[in-house]
Amino acid sequence: MRILVTNDDGIHSEGLDVCAEIARTLSEDVWIVAPEQDQSGVAHSLSLNDPLRLRQIGDRRYAVRGTPTDCVIMGVRHVLDGKQVDLVLSGVNRGRNVGEDVIYSGTVAGAMEGALLGIPSLALSQSYKSRSGKPPFWETGLRYAPDIIRGVLDNGVRKDVLVNINFPDCAPEEVKGVAVTPLGRRRQERLHIDKRLDGRNNPYYWIAYSHQLKIEPEHGTDVAAIEDRHIAVTPLKIDITDAPTMTRLAKLFEKN
Ligand code: MN
């Protein structure tokens with residue numbers, strides 16, 4: 001089995017090494033193609049106005065100056081040109097990708113690109129509190145990901161579907177189980193603009209999430225599952241057509 005590993009945190013991130021380690025428990029044929037720089041939040045963007053630079057930095061290890069989507073295309077169509085790729089793993093992201101995170105996530109987009117290219121693909125993310133000062137519990141993904149990935153592959157991944165996996169912010173022995181869930185909502189009420197002043201008193205801004213506003217996640221969702229120390233497994237599909245609205249609009253516009 002040939003595995004392509006990518007991420008959005010970049011070629012130097014710890015989570016990428018964790019993902020490669022997970023991949024090597026499944027196969028010896030592991031290839032890494034990951035962004036030169038942190039691409040978190042770039043979603044499924046494609047570099048069309050700048051050239052891609054490819055840098056080999058080790059055996060089967062490449063950095064691309066581009067997005068996670070660029071990396072998967074570069075990996076499949078150029079680095080592994082002609083060779084079959086059996087699995088794409090994207091991650092392990094430093095931080096969860098649940099609810100509406102999946103819309104912004106470069107990690108999820110890496111797996112989505114794999115699915116678009118017809119390859120079984122999974123996104124892996126490790127929930128953690130960035131303000132705690134403690135490192136993420138990478139060992140949780142290391143412990144559980146191989147069996148989950150094997151299970152998903154043995155079960156068969158539908159065409160145009162990718163599987164999004166989030167590990168809870170706890171040690172492996174504290175994990176309560178695996179929950180297969182739909183996407184929840186992280187709630188965009190928390191989203192705001194953080195205004196600051198530079199050394200010359202000119203304003204600059206960060207997109208930020210308020211930590212004060214605590215909203216209970218909806219039961220049975222990926223958001224609730226990881227907060228309850230479950231590993232959340234959520235299949236996502238590329239076709240995002242909303243069937244009920246389509247039916248309503250068809251009735252509205254296609255009268256004859
Ligand atoms: Mn990231």
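Note: the structure precedes this text.
Residues numbered from 1 in each chain as written. Predicted model: local features only at pLDDT ≥ 70, side-chain atom pairs only at ≥ 80, totals over all residues. Heavy atoms only, no water.

Colleague: What am I meant to see in the overall build of the chain here?
Modeller: Helix and strand counts for the chain come out as seven helices and 11 strands. Over its C-alpha trace the chain gives a radius of gyration of 19 Å, about what one expects of a compact globule, namely 18 Å for 256 residues. On the principal axes, the C-alpha backbone points of the chain span a range of 65 × 45 × 45 Å. For the chain, the proportion of its 256 residues judged to be buried stands at 46%. Partitioning the intrachain contacts of the chain with sequence separation of at least 6 by distance along the chain shows that 75% fall at a separation of at least 24. The chain carries 32 positive and 35 negative side-chain charges, and their two centres are separated by 4 Å. (Helix = DSSP H or I, 4+ residues; strand = E, 2+ residues; numbered from the N terminus. Rg over C-alpha atoms; globule rule 2.2 N^0.38 Å. Buried < 20%, exposed > 50% of the residue type's maximum accessible area, 1.4 Å probe, protein only. Contact = heavy atoms within 4.5 Å. Lys, Arg positive; Asp, Glu negative; His and termini not counted. Charge placed at Lys NZ, Arg CZ, Asp CG, Glu CD.)

Colleague: Is there a simple way to explain the environment of Val223 in this structure?
Modeller: Its place among the elements puts Val223 in helix α6 (residues 222–227). C-alpha separation for the pair Val223 and Val233, spaced 10 residues apart in sequence, amounts to 11 Å. Those residues in contact with Val223 that sit more than four places away from it in its chain are Arg96, Val98, Gly99, Gly184, Arg185 and Pro217.

Colleague: What am I meant to see in the coordination of the manganese ion here?
Modeller: Angles at a metal have ideal values that depend on geometry: 109.5 degrees with four tetrahedral donors, 90 or 180 degrees with six octahedral donors. Note on the manganese ion: its protein donors are Asp8 (OD), Asp9 (OD), Ser40 (OG) and Asn93 (OD1). The metal-donor distances range over 2.1 to 2.3 Å. In the primary sequence, the donor residues of the manganese ion line up as D-D-x30-S-x52-N. Of this pair, Asp8 sits in the loop between β1 (2–6) and α1 (14–26) while Ser40 is found in the loop between β2 (29–35) and β3 (53–58), placing the two residues 32 residues apart along the sequence. A relative accessible area of 40% places Ser40 in the partly exposed class. (Donors = N, O, S within 2.8 Å, 3.2 Å for Na, K, Ca; no water.)

Colleague: Before we go on, may I ask you to explain the nonpolar core in this structure?
Modeller: Most often, soluble globular proteins have nonpolar side chains that are buried together. Ranked by internal contacts, the top residues of the largest apolar core, which has 31 residues, are Ile3, Val5, Leu89, Leu122, Leu124, Ile149 and Ile165. When residues of this core are traced back to their parent elements, those giving at least two are β1, α1, β2, β5 (87–94), β6 (121–126), α5 (138–155), β7 (161–167) and β11 (230–237). With seven residues, α1 is the largest single contributor of residues to this core. Those residues within four positions of Leu89 in sequence are excluded, and the remaining contacts are Ile3, Leu4, Val5, Thr6, Cys19, Ala23, Leu122 and Ile149. (Core = buried A, V, L, I, M, F, W, Y, C linked by side-chain atoms within 4.5 Å.)

Colleague: Teacher, can you tell me more about the packing of α1 against α5 here?
Modeller: Think of two packed helices as two axes; the pair is described by the angle between the axes and how far apart they sit. For the pair α1 and α5, interaxial distance at closest approach is 9 Å and the crossing angle is 35°. Crossing handedness for the pair α1 and α5: right-handed. Between α1 and α5, the residues in contact are Glu14, Gly15, Val18, Glu21, Ile22, Thr25 and Leu26 and Trp138, Gly141, Leu142, Ala145, Pro146, Ile149 and Arg150, respectively. Across the contact of α1 with α5, the residue classes break down as eight nonpolar, three polar and three charged. (Axes fitted to C-alpha atoms, helices over the stretch in contact; angles between N-to-C directions. Left-handed = near helix turned anticlockwise from the far one by under 90°. Nonpolar A, V, L, I, M, F, W, Y, C, P; charged D, E, K, R; others polar.)

Colleague: What exactly am I supposed to notice about helix α2 (residues 68–79) here?
Modeller: Along an α-helix, a turn takes 3.6 residues, which lines up residues three or four apart on a common side. Taking 1.5 Å of rise per residue, the 12 residues of α2 would be expected to cover 16 Å, yet its terminal C-alpha atoms sit only 15 Å apart, more than 12% below that figure. Most of α2 sits inside the fold, with nine of its 12 residues counted as buried. All of the buried residues in α2 are Pro68, Thr69, Asp70, Cys71, Val72, Met74, Gly75, Val76 and Val79. Along its buried surface, α2 packs onto β1, β2, β3, β4 (61–65), β5 and α4 (106–116). (Expected span 1.5 Å × (residues − 1).)

Colleague: Hey, could you run me through the sheet that holds β2 in this one?
Modeller: In any sheet, the strands associate via hydrogen bonds between backbone groups, in a parallel or an antiparallel arrangement. Spatially, β3-β4-β2-β1-β5-β6-β7-β11-β8 is the arrangement adopted by the nine strands of the open sheet, whose pairing is mixed. Every other strand in the sheet has two partners, leaving β3 and β8 (177–180) as the edge strands with one partner each. Averaged over neighbouring strand pairs, the angle between their axes works out to 20° when direction is ignored. In this structure, β5 lies alongside β6, joined through five bridges in parallel fashion. Its bridge partner lying in β6, Ser90 is registered against Ala123. Of the strands in this sheet, β1, β2, β4, β5 and β6 touch α1, which is tilted by about 145° from β5. (Pairing = 2+ DSSP bridges.)

Colleague: Please explain the side chain of Gln126 as it appears in this structure.
Modeller: Structurally, the position occupied by Gln126 is in strand β6. Side-chain polar atoms of Gln126 contact the backbone oxygen of Pro168, separated by 2.9 Å. (Polar contact = N/O pair within 3.5 Å; in protein donor to acceptor, adjacent residues only side chain to side chain.)

Colleague: Can you walk me through α1 in this structure?
Modeller: Here α1 is 13 residues long and its end C-alpha atoms lie 19 Å apart, about the 18 Å a rise of 1.5 Å per residue gives. Those residues of α1 that fall on the buried side of the exposure criterion are Gly15, Leu16, Val18, Cys19, Ala20, Ile22, Ala23 and Leu26. Of the surrounding elements, those touching the buried residues of α1 are β1, β2, β4, β5, β6 and α5.

Colleague: Which parts of the structure should I look at to understand the pairing of β4?
Modeller: Consecutive side chains of a regular strand alternate in pointing toward one face of the sheet and then the other. Two strands pair when backbone bridges link them, and β2 and β4 are joined in this way by four bridges, in the parallel orientation. Its bridge partner being in β4, Val33 is matched across the sheet by Tyr62. The pairing of β3 with β4 spans five bridges and is antiparallel. Each bridged residue has a counterpart across the sheet, and for Gln56 the counterpart in β4 is Tyr62. From the end of β3 to the start of β4, which pair antiparallel, there are two residues, and Arg60 there has a positive phi angle of about 55°.

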